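Here is how the chains run, residue by residue.
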Amino acid sequence: MNSLPASIAAAPAGDGWVAAKPFDLNDNLAYAAWRAQKLERYPRTVGELRVPVADLSRPTVEEKSALVARCVRSNMALYATLPQPAENSDARMRAGLRRFASAFGLASMETHRSSEDDGIVAIEVTSNQSKRGFIPYTNKPLSWHTDGYYNPPDAPIRAMLLHCVRPAREGGINALLDPDIAYIRLRDKGRALVAAMMHPAAMTIPESVEEDGSVRPVSTGPVLLIDAAGRLTMRYTARARNIIWRDDEDTRAAVALLDRLLAHEEEELIIKYKMEAGEGLLSNNVLHTRSGFENGDGDRDAATRLLYRVRYRERIAGT
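Summarised in this report is the structure supplied together with it. All of these numbers come straight from a predicted model, not from anything done at the bench. (Residues numbered from 1 in each chain as written. Predicted model: local features only at pLDDT ≥ 70, side-chain atom pairs only at ≥ 80, totals over all residues. Heavy atoms only, no water.)

1. Some words on the nonpolar core
Turning to step 1, where the next piece is worked out: In terms of nonpolar packing, the biggest core is built from 58 residues, with Leu177, Tyr183, Leu186 and Leu224 touching the most fellow members.
Turning to step 2, where the next piece is worked out: Looking at this core, the element that brings in the most residues is helix H7 (residues 249-262), giving 7 residues.
Turning to step 3, where the next piece is worked out: Listed in part, the 25 residues of the second largest apolar core include Ala77, Met93, Phe104 and Leu106. (Core = buried A, V, L, I, M, F, W, Y, C linked by side-chain atoms within 4.5 Å. Buried < 20%, exposed > 50% of the residue type's maximum accessible area, 1.4 Å probe, protein only. Helix = DSSP H or I, 4+ residues; strand = E, 2+ residues; numbered from the N terminus.)

2. Considering the pattern of salt bridges
Turning to step 1, where the next piece is worked out: Summed over the entire model, instances satisfying the criterion amount to 15 salt bridges.
Turning to step 2, where the next piece is worked out: As a salt-bridge pair, Arg35 and Asp188 come within 2.8 Å of each other at their nearest N and O atoms. Of the two residues, Arg35 is situated in helix H1 (residues 28-41) and Asp188 in helix H5 (residues 179-189); the sequence distance between them amounts to 153 residues.
Turning to step 3, where the next piece is worked out: One salt bridge connects Arg50 with Glu279, and the closest N-O pair in it is separated by 3.8 Å. Remark: Glu279 occurs in strand E16 (residues 279-283) and Arg50 occurs in strand E1 (residues 50-52); sequence separation between them is 229 residues.
Turning to step 4, where the next piece is worked out: In this structure Arg50 comes out as partly exposed when scored by relative accessible area, which is 29%.
Turning to step 5, where the next piece is worked out: Judged by its relative accessible area of 10%, Glu279 is buried. (Salt bridge = Lys/Arg side-chain N within 4 Å of Asp/Glu carboxyl O.)

3. Comments concerning the sheet that holds strand E3 (residues 121-123)
Turning to step 1, where the next piece is worked out: What the 6 strands build is an open sheet, ordered E1-E2-E16-E5-E19-E3; its pairing is mixed. Taken across any chain shown, the strands that pair with only one partner, and hence form the sheet edges, are E1 and E3. Taking the axes of each pair of neighbouring strands and ignoring which way they run, one obtains an average angle of 25° across the sheet.
Turning to step 2, where the next piece is worked out: For strand E2 (residues 76-80) and E16, the ladder comprises 5 bridges, and the chain directions are antiparallel. Across the sheet, the residue bridging to Ala77 is Leu282, located in E16.
Turning to step 3, where the next piece is worked out: Its contacts with the sheet place helix H3 (residues 61-74) against E1, E2 and E16, and it is angled at close to 145° to E2.
Turning to step 4, where the next piece is worked out: Lying over the sheet, helix H4 (residues 90-102) contacts E2, strand E5 (159-166) and strand E19 (306-312), oriented at roughly 150° with respect to E5. (Pairing = 2+ DSSP bridges. Axes fitted to C-alpha atoms, helices over the stretch in contact; angles between N-to-C directions. Contact = heavy atoms within 4.5 Å.)

4. Considering the side chain of Arg185
Turning to step 1, where the next piece is worked out: Here Arg185 lies in helix H5.
Turning to step 2, where the next piece is worked out: Overall, Arg185 belongs to the buried group, its relative accessible area being 17%.
Turning to step 3, where the next piece is worked out: Discounting chain neighbours no more than four positions away, the residues touching Arg185 are Leu39, Leu257, Leu261, Glu267, Glu268 and Leu269.

5. A closer look at the pairing of E19
Turning to step 1, where the next piece is worked out: Counted residue by residue, E19 has 7 buried out of 7 residues, so it is predominantly covered.
Turning to step 2, where the next piece is worked out: Here E19 shows a buried face lined by Leu306, Tyr308, Val310 and Tyr312 and a second buried face lined by Leu307, Arg309 and Arg311.
Turning to step 3, where the next piece is worked out: As judged from the 3 bridges shared by E3 and E19, these two strands associate in the antiparallel manner. Looking at E19, one finds that Ile123 is bridged to Leu307.
Turning to step 4, where the next piece is worked out: Taken together, the 7 bridges between E5 and E19 define a ladder with antiparallel strand orientation. Residue pairing in the sheet places Leu161 in a bridge with Val310 of E19.

6. What about the packing of H1 against H5?
Turning to step 1, where the next piece is worked out: Where H1 contacts H5, the axes come no closer than 11 Å and their chain directions differ by 130°. Taken together, H1 and H5 sit at an angle that is classed as oblique. Considering only the axes of H1 and H5, their crossing is left-handed. Residues Asn28, Tyr31, Trp34, Arg35, Lys38 and Leu39 of H1 lie in contact with H5, whose contacting residues are Asp180, Ile181, Tyr183, Ile184, Arg185, Arg187 and Asp188.
Turning to step 2, where the next piece is worked out: Tallied by class, residues from the contact of H1 with H5 come to 6 nonpolar, 1 polar and 6 charged. (Parallel < 35°, antiparallel > 145°, perpendicular 65-115°, else oblique. Left-handed = near helix turned anticlockwise from the far one by under 90°. Nonpolar A, V, L, I, M, F, W, Y, C, P; charged D, E, K, R; others polar.)

7. Description of the sheet that holds strand E11 (residues 219-221)
Turning to step 1, where the next piece is worked out: With antiparallel pairing, the 3 strands of this open sheet are ordered in space as E11-E8-E14. Pairing within the sheet leaves two strands with one partner each, and these edge strands are E11 and strand E14 (244-245).
Turning to step 2, where the next piece is worked out: Across 3 bridges, the pairing between strand E8 (residues 203-205) and E11 is antiparallel. Directly across from Met203, in E11, lies its bridge partner Gly221.

Keep in mind that these numbers describe shape and distance, not what the molecule does.
The following block contains the structure:
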């Protein structure tokens with residue numbers, strides 16, 4: 001493979017992204033120490049990620065501490081609370097989710113085309129015009145991605161909340177992986193692969209024209225972003241269509257490695273789980289996917305999969 005170009009021996013300098021330990025490609029000692037600790041502490045089971053939460057709208061100090069501790073280890077945590085009683089309104093549940101997120105310093109919600117006025121997006125099978133044609137709103141499987149991978153690099157999604165209101169009758173299983181692990185796998189194969197994913201033209205998402213004539217502009221940027229505090233954010237999708245990768249040897253090798261790790265599930269640290277009603281994922285926008293699913297044939301409230309999703313500009317406080 002090509003040697004590491006001096007011009008990209010660290011993260012791209014533009015837009016506030018700078019190199020910092022342990023993601024400084026010229027500091028192998030810092031990387032080795034961080035890598036050893038990360039792999040030693042990384043959770044291997046769903047049980048290590050799960051934290052019971054008695055009241056989602058008012059997490060206790062102990063509950064918050066436990067969730068943050070898990071996010072420090074793997075950039076994600078699963079919370080488990082009791083499903084909302086039938087007499088509780090949907091509006092109350094949604095308000096509770098926002099209060100839960102704010103307890104972790106999450107306040108700057110993304111303004112998404114499919115969100116309601118409160119910034120929450122309902123992930124369900126629908127023919128609604130604003131969601132029609134987009135895979136998340138079908139029962140088809142979703143390929144590996146981080147949320148908002150099509151965002152420009154100066155406006156990434158750093159955290160997200162995914163809450164299960166109703167699971168599917170069959171399927172709808174999520175697979176999860178911390179982007180820090182993807183970084184480790186790339187760097188262990190060679191610093192040039194990481195540098196390729198840090199290149200400011202590593203990945204391009206073409207413009208998208210909506211039915212109403214509005215345009216989401218072309219988005220070109222790195223896959224791996226390191227902020228001024230030395231924390232990693234990832235912009236990635238495994239989808240094959242409408243993605244333009246930088247045409248060079250190291251980028252092709254890096255993409256192929258990620259594809260082997262994720263699409264073919266060679267990565268031993270991937271955690272799979274089907275969330276039940278009242279459970280959710282709190283994360284610093286980890287890599288995730290979803291299997292296809294089947295809804296039931298009964299009434300809507302009992303038989304169809306519904307998750308709520310909220311995206312944030314900040315990371316989870318304390319991580």
